[in-house]
Amino acid sequence: MNKPIAIDDSNFDQIVLKAETPVVVDFWAPWCRPCLMIAPILDELAQEYNGRVTIARIDVDQHQKAAAKYGIMAIPNLIIFKNGRPFSQIVGYKPKAELKRGLDAALD
């Protein structure tokens, strides 16, 4: 995928937990300013890591089951899943370089 994909509670397990490559899940909401600020960075990363990492976005207002399961209390909240399990977590707005470090660690 060369852009983030929208996911929901019904397809979370299939897309995230059963993925063969690492998946970054962006837990976000449309009213969240930092979420909107990080979105273009995730668009860029989706292109840069195309084929190696999937970037998915889930609106926590619309789909609360996954957010509750992973204890999401603040957004933006990025969880990098590897082999069906949370590998690392980034809470709040972070610069692109920091996000890339997290992705690179998941690819090692």
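Up top you'll find the structure we're talking about.
About the criteria used
- Residues numbered from 1 in each chain as written.
- Predicted model: local features only at pLDDT ≥ 70, side-chain atom pairs only at ≥ 80, totals over all residues.
- Heavy atoms only, no water.
- Disulfide = S-S within 2.5 Å.
- Buried < 20%, exposed > 50% of the residue type's maximum accessible area, 1.4 Å probe, protein only.
- Pairing = 2+ DSSP bridges.
- Helix = DSSP H or I, 4+ residues; strand = E, 2+ residues; numbered from the N terminus.

**Section: the state of the cysteines**
Item 1. A complete count under the given rule lists one disulfide for this structure.
Item 2. Disulfide partner of Cys32: Cys35, at an S-S distance of 2.4 Å. Its S-S torsion of approximately 80° makes the covalent link between Cys32 and Cys35 right-handed.
Item 3. The class for Cys32 is buried, based on a relative accessible area of 4%.
Item 4. Residue class for Cys35 comes out buried when judged on its relative accessible area of 0%.

**Some words on the sheet that holds strand β5 (residues 85-91)**
Item 1. Here five strands make up an open sheet; going across it, the order is β1-β3-β2-β4-β5 and the pairing mixed. The strands lining the two open edges of the sheet, one partner per strand, are β1 (5-6) and β5.
Item 2. Strand direction decides the pairing type here: strand β2 (residues 23-28) and strand β3 (residues 54-59), joined by six bridges, are parallel. Each bridged residue has a counterpart across the sheet, and for Val23 the counterpart in β3 is Thr54.

**Section: unusual backbone geometry**
Item 1. Backbone torsion omega between Ile75 and Pro76 reads 0°, so that peptide bond is classified as cis.
Item 2. Mapped onto the elements of the fold, Pro76 is located in the loop between α3 (64-69) and β4 (77-82).
Item 3. At Asn83, a position not held by glycine, the phi torsion is positive, near 55°.
Item 4. Mapped onto the secondary structure, Asn83 falls in the loop between β4 and β5.

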